[in-house]
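Spelled out, the chains give:
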Amino acid sequence: MPGTRGLFIPGPTNVPQAVRLAMDIAMEDQRAPDLPSFTLPLFEDVKKVFKTRSGQVFLFPASGTGGWEAAMTNTLSPGDKVLIARFGQFSLLWADMCQRMGLEVDIVDAPWGEGVPVEIFADKLKADTGHSYKAVLVTHNETATGVTSDVAAVRRAMDHANHPALLFVDAVSSLASIDFRMDEWGVDICVSGSQKGFMMPAGLAILCVSEKALAARKQANSLRCYFDFEDMIRTNKDGFFPYTPPLHMLRALRAATDLLLAEGLDNVFARHYRLAEGVRRAVSAWGLKLCARDPKWHSDTVSAILLPEGYDSAALVRHAYTRYNLSLGMGLNKVAGKVFRIGHLGDLNEIMCLTAVAGSEMTMRDLGVPVEAGSGVAAAMEYYRAQGAAAALKNAA
Ligand SMILES: *Cc1c(COP(=O)(O)O)cnc(C)c1O
């Protein structure tokens, strides 16, 4: 089909030209004496994206899922107890991995459309006076339902209970798009990946690990080899890797980090809020509802939109792709067939988001979903216009 495909899934996201070009390089020598002058500043700058000074960044050739495995095998032992809430496909898969790795997993099931149940966590942590929980796991942004949870509130609950467990956060679909504060929130391991907020292809698991979590690996006897922090620490300190690093991905990470820091993280977060809010205005104008049940859970990186009873969101996603060259996110697992998702993260602006809104609207009308032509587009564009006008007035002042 001529023209550009609209890519509005919540990852992989659009890769900016600067990042694509950064990867188009002749193969490099991974033991070259000047490699550290590239890698050491890269580690430092990626730390800024996590908002950490004392944390250590690890870059594994993997996707986010590999990052989960690295987090757990390096710090926990089989039989260790962890606390996790399950309220969407990604928190579900993380809990599942914990079980497969032989951990004792205390799973709190919350409705799909809500976030981490902080009060329940607080009660459980308070009751756990023997400190049997070794880690508390939080999915910052549940990509399946478009729900963002309050990581700082979980930290407060842990502190309030004086609980020494480690705090692990999956920020795969939030880091570099939604505010995340490793040090301020006392996060011990943050797991992310390259293909969402970092606007790169899939292929790098990007982790940040606190000193406390690094110390925990001394007691942790889970089997680990490829993902062992030890080998990384030993070689990374001089700017090298324990095995052949994917250098084109590191070059891409350099370019992506440069883009993020040049825009300014706060501006990146504000842009994601603005783009998301326009999509949310469109959803209201269509007379539809988000899967996220309360505004406090609205995700600025992905909106999961509930179709009215009797309409199949899988058919909608298929039709958008074949008829309009538009990729939207499907409903996963419990919300399969019920929701479709607009991913609005990464290298995006207002006009691009309007194509997703217009394409969704056309597709819904083709399928007979009763939405008024132009309603969502009008709501989103008027919101975007007003925001632009406010910014322009502020700049002029
Ligand atoms: C995408 C995603 C993952 C899985 O990452 P992969 O890179 O596909 O392994 C995990 N958690 C969340 C919240 C995600 O959005």
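Right above here is the structure, for reference.
Please read all numbers here as calculations on a predicted model, not as lab measurements.

Caption draft 1: View of the site of the ligand. All residues adjacent to the ligand are Ser63, Gly64, Thr65, Trp68, Phe90, Asn141, Thr143, Asp170, Val172, Ser173, Gln195 and Lys196. Thr143 has a polar side-chain atom sitting 2.4 Å from an oxygen atom of the ligand. Residue Lys196 places a side-chain N or O atom 2.6 Å away from an oxygen atom belonging to the ligand. Notes on the ligand: free accessible area 380 Å², of which the protein chains cover 89%. Among the elements that take part in the shell around the ligand, helix H3 (residues 64-75) stands out by supplying three residues, more than any other.

Caption draft 2: How the structure looks around the environment of Trp112. Structurally, Trp112 is set in the loop between strand E4 (104-109) and helix H5 (118-127). Expressed as a C-alpha distance, the spacing of Trp112 and Phe87, which sit 25 residues apart in the sequence, is 4.6 Å. What Trp112 contacts, discounting residues up to four positions off in sequence, is Phe87, Gly88, Gln89, Leu92, Thr145, Cys291, Arg293, Leu332, Asn333, Lys334 and Val335.

Caption draft 3: Spatial organisation of helix H12 (residues 350-366). With 17 residues, H12 extends 24 Å between its outermost C-alpha atoms, agreeing within 8% with the 24 Å of an ideal straight helix rising 1.5 Å per residue. Within the span of H12, buried status applies to Cys353, Leu354, Ala356, Val357, Gly359, Ser360, Glu361, Thr363 and Met364. Between the side-chain oxygen of the N-cap and the backbone nitrogen of Ile351 there are 3.3 Å, and the N-cap of H12 in question is Asn349. Backbone geometry just after H12 places Gly368 at a positive phi near 85 degrees.

Caption draft 4: Main features of the nonpolar core. One finds Phe50, Phe60, Met72, Phe180, Leu207 and Phe229 to be the most contacted residues of the largest nonpolar core, which totals 94 residues. Here this core gets eight residues from one element, more than from any other, and that element is helix H9 (residues 247-263). When residues no more than four places from it in sequence are discounted, the contact partners of Phe60 are Ala70, Gly203, Leu204, Ala205, Leu207, Tyr226, Phe227, Phe229, Met232 and Tyr243. By size, the runner-up hydrophobic cluster in this structure holds 28 residues, among which are Phe8, Ile305, Ala356 and Val371.

Caption draft 5: Structural detail: unusual backbone geometry. Residue Pro12 is reached from Gly11 by a cis peptide bond, and omega for that bond is 0 degrees. Positionally, Pro12 belongs in the loop between strand E1 (6-8) and helix H1 (17-23). Here Asn325, not a glycine, exhibits a phi torsion of approximately 60 degrees, which is positive. Summarising the element assignment, Asn325 is placed in the loop between helix H11 (313-324) and strand E13 (326-328). Taking the relative accessible area as the measure of exposure, Asn325 reaches 5% and is therefore buried.

Caption draft 6: Broad picture of the packing of aromatic side chains. Evaluated as defined, the whole model comprises ten aromatic pairs. Seen in terms of ring centroids, Phe180 and Trp185 are 5.5 Å apart; in terms of plane orientation they differ by 80 degrees. Their pairing is edge-to-face. Under the relative-accessibility criterion, Trp185 is labelled buried at 11%. Plain terms: the ring middles of Tyr226 and Phe227 are 5.4 Å apart, the flat faces sit at 80 degrees to each other, and that makes the pair edge-to-face. Taken together, the ring pairs connect Phe58, Phe60, Tyr226, Phe227, Phe229 and Tyr243 into an aromatic cluster. Over the face of the ring belonging to Tyr133 we find Lys81, whose NZ or CZ atom lies 4.9 Å from the ring centre. Between the NZ or CZ atom of Arg251 and the centre of the ring of Phe38, over which it lies, the distance is 3.8 Å.

Caption draft 7: Structural view of the sheet that holds strand E11 (residues 289-290). Taken in spatial order, the three strands of this open sheet run E11-E12-E14, and their pairing is antiparallel. Across the chains shown, the open sheet's two edge strands, defined by having one partner strand only, are E11 and strand E14 (339-343).

Caption draft 8: Quick peek at empty space enclosed by the protein. Using the criterion set out here, one finds one cavity of 30 Å³ or more in the structure. Size it by volume and the largest cavity reaches roughly 40 Å³. A per-element tally of the lining of the largest cavity places strand E12 (residues 302-306) first, with three residues. Across the lining of the largest cavity, the residue classes break down as four nonpolar, five polar and one charged.

Caption draft 9: Fine view of the pairing of strand E5 (residues 133-139). Taking burial as the measure, the seven residues of E5 include six buried ones, the bulk of the element. Summarising the sheet, strand E3 (residues 81-86) and E5 pair through four bridges and their orientation is parallel. For Leu83, the partnering residue across the bridge sits in E5 and is Val136. When E5 meets strand E8 (residues 166-170), the two strands line up parallel, connected through five bridges. Looking across to E8, one finds that Val138 is bridged to Val169.

Caption draft 10: Representation of the packing of helix H10 (residues 265-285) against H12 within the structure. Between H10 and H12, the shortest axis-to-axis distance is 10 Å and the interhelical angle comes to 30 degrees. Between H10 and H12, the interaxial angle falls into the category roughly parallel. Considering only the axes of H10 and H12, their crossing is right-handed. Residues Arg274, Leu275, Val279 and Ala282 of H10 lie in contact with H12, whose contacting residues are Glu350, Cys353 and Val357. Its residues assigned to classes, the contact of H10 with H12 shows five nonpolar, no polar and two charged.

Conventions adopted
- Residues numbered from 1 in each chain as written.
- Predicted model: local features only at pLDDT ≥ 70, side-chain atom pairs only at ≥ 80, totals over all residues.
- Heavy atoms only, no water.
- Near = heavy atom within 4 Å.
- Polar contact = N/O pair within 3.5 Å; in protein donor to acceptor, adjacent residues only side chain to side chain.
- Areas by Shrake-Rupley, 256 points an atom, 1.4 Å probe, with all protein chains shown as cover.
- Helix = DSSP H or I, 4+ residues; strand = E, 2+ residues; numbered from the N terminus.
- Contact = heavy atoms within 4.5 Å.
- Expected span 1.5 Å × (residues − 1).
- Buried < 20%, exposed > 50% of the residue type's maximum accessible area, 1.4 Å probe, protein only.
- Core = buried A, V, L, I, M, F, W, Y, C linked by side-chain atoms within 4.5 Å.
- Phe/Tyr/Trp six-rings, centres within 6.5 Å; stacked < 30°, edge-to-face > 60°.
- Lys NZ or Arg CZ within 6 Å of the ring centre and 35° of its normal.
- Pairing = 2+ DSSP bridges.
- 1 Å grid on protein atoms, 1.4 Å probe; cavity = no way out; pocket = protein on both sides within 12 Å on 5 of 7 lines; lining within 4 Å.
- Points joined across faces, edges and corners; volume = space filled by probe spheres on them.
- Nonpolar A, V, L, I, M, F, W, Y, C, P; charged D, E, K, R; others polar.
- Axes fitted to C-alpha atoms, helices over the stretch in contact; angles between N-to-C directions.
- Parallel < 35°, antiparallel > 145°, perpendicular 65-115°, else oblique.
- Left-handed = near helix turned anticlockwise from the far one by under 90°.

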